[in-house]
Amino acid sequence: MSTAIDTARIRRENLRWLIVLTLNNARPIGAFEGPILSVAQSEYPDATPLELRRELDYLHDRELVKLDKQPTGRWFADLTRIGVDLAEYTIPCEPGIARPEKYW
């Protein structure tokens, strides 16, 4: 059995949780990808727009985020009801998102 740490997976899962938290704080308005990327780069300075879009798309596929891919090329994101529940710890977190254990 390998004990190697999958740093790419850890980064993806942490970035997904960071996106959920960012969008939870942006409620009820939501946010364009630029401010979300700024928050992501506070934790991962080398985070790219493509990486952010990949994780936004993942969260959209899981029905946690609504995405508006605008004709101008900008993406706008907002949490779904399930995404809010995930952020507020009212539903279990399935694998793929690095939500920490509830601390209270």
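Computed from a predicted structure; not experimentally measured. (Residues numbered from 1 in each chain as written. Predicted model: local features only at pLDDT ≥ 70, side-chain atom pairs only at ≥ 80, totals over all residues. Heavy atoms only, no water.)

K.L.:
Looking at this model, I keep getting lost on the overall build of the protein. Mind explaining?
P.N.:
When helices and strands are counted, the protein shows 4 helices and 3 strands. Helices and strands in the protein line up, N terminus first, as α-β-α-α-β-β-α. Computed over the C-alpha atoms, the radius of gyration of the protein is 14 Å, within 12% of the 13 Å expected from 2.2 N^0.38 for a compact globule of 104 residues. Counting only contacts in the protein whose residues sit at least 6 apart along the sequence, the fraction spanning at least 24 positions is 52%. With 14 positive and 16 negative side-chain charges, the protein shows a separation of 1 Å between the mean positions of the two kinds. (Helix = DSSP H or I, 4+ residues; strand = E, 2+ residues; numbered from the N terminus. Rg over C-alpha atoms; globule rule 2.2 N^0.38 Å. Contact = heavy atoms within 4.5 Å. Lys, Arg positive; Asp, Glu negative; His and termini not counted. Charge placed at Lys NZ, Arg CZ, Asp CG, Glu CD.)

K.L.:
How should helix α1 (residues 7-25) be read in this particular structure?
P.N.:
Spanning 19 residues, α1 covers 27 Å between terminal C-alpha atoms, matching the ideal 27 Å at 1.5 Å per step. Along α1, the residues classified as buried are Arg 11, Glu 13, Leu 15, Arg 16, Trp 17, Leu 18, Ile 19, Val 20, Thr 22, Leu 23 and Asn 24. Looking at the buried positions of α1, the neighbouring elements they touch are β1 (31-32), α2 (33-43), α3 (49-61), β2 (65-69), β3 (75-79) and α4 (81-87). (Expected span 1.5 Å × (residues − 1). Buried < 20%, exposed > 50% of the residue type's maximum accessible area, 1.4 Å probe, protein only.)

K.L.:
Got a minute to help me understand the packing of α2 against α3 in this structure?
P.N.:
Working note: a packed helix pair is described by the angle between its axes plus the distance between those axes. Closest axis-to-axis distance for the α2/α3 pair is 10 Å, and the angle between their directions is 105 degrees. Judged on the interaxial angle alone, α3 and α2 are roughly perpendicular. Residues Glu 33, Ile 36 and Leu 37 of α2 touch α3, and the partners they reach there are Pro 49, Leu 52 and Arg 53. Considering only residue class, the contact of α2 with α3 consists of 4 nonpolar, no polar and 2 charged. (Axes fitted to C-alpha atoms, helices over the stretch in contact; angles between N-to-C directions. Parallel < 35°, antiparallel > 145°, perpendicular 65-115°, else oblique. Nonpolar A, V, L, I, M, F, W, Y, C, P; charged D, E, K, R; others polar.)

K.L.:
Honestly, the pattern of salt bridges in this entry has me stumped. Any pointers?
P.N.:
Two side chains carrying opposite charge are able to pair once their charged atoms lie near each other. Within the structure shown, the criterion is met by 8 salt bridges. Of the charged contacts, one joins Arg 9 and Glu 13 as a salt bridge, the two residues approaching to 3.2 Å between their closest N and O atoms. Of the two residues, Arg 9 and Glu 13 both sit in helix α1, 4 residues apart, roughly one turn of that helix. On the basis of relative accessible area, Glu 13 is assigned to the buried category, the value being 17%. For Arg 11, the salt bridge is made with Asp 46, and the minimal N-O distance between the two is 2.9 Å. Separated by 35 residues along the polypeptide, Arg 11 in helix α1 and Asp 46 in the loop between α2 and α3 bring together distant segments of the chain. Taking relative accessible area as the criterion, Arg 11 reaches 18% and is therefore assigned buried. Members of the salt-bridge network, linked through shared partners, are Arg 11, Asp 46 and Glu 51. (Salt bridge = Lys/Arg side-chain N within 4 Å of Asp/Glu carboxyl O.)

K.L.:
Looking at this structure, I do not really get α2. What am I missing?
P.N.:
Buried within α2 are the following residues: Glu 33, Ile 36, Leu 37 and Ala 40. Taken end-on, α2 shows its buried residues confined to a sector of 100 degrees, consistent with a single buried face. Contact partners of the buried residues in α2: α1, β1, α3 and β3. (Arc of directions from axis to C-beta.)

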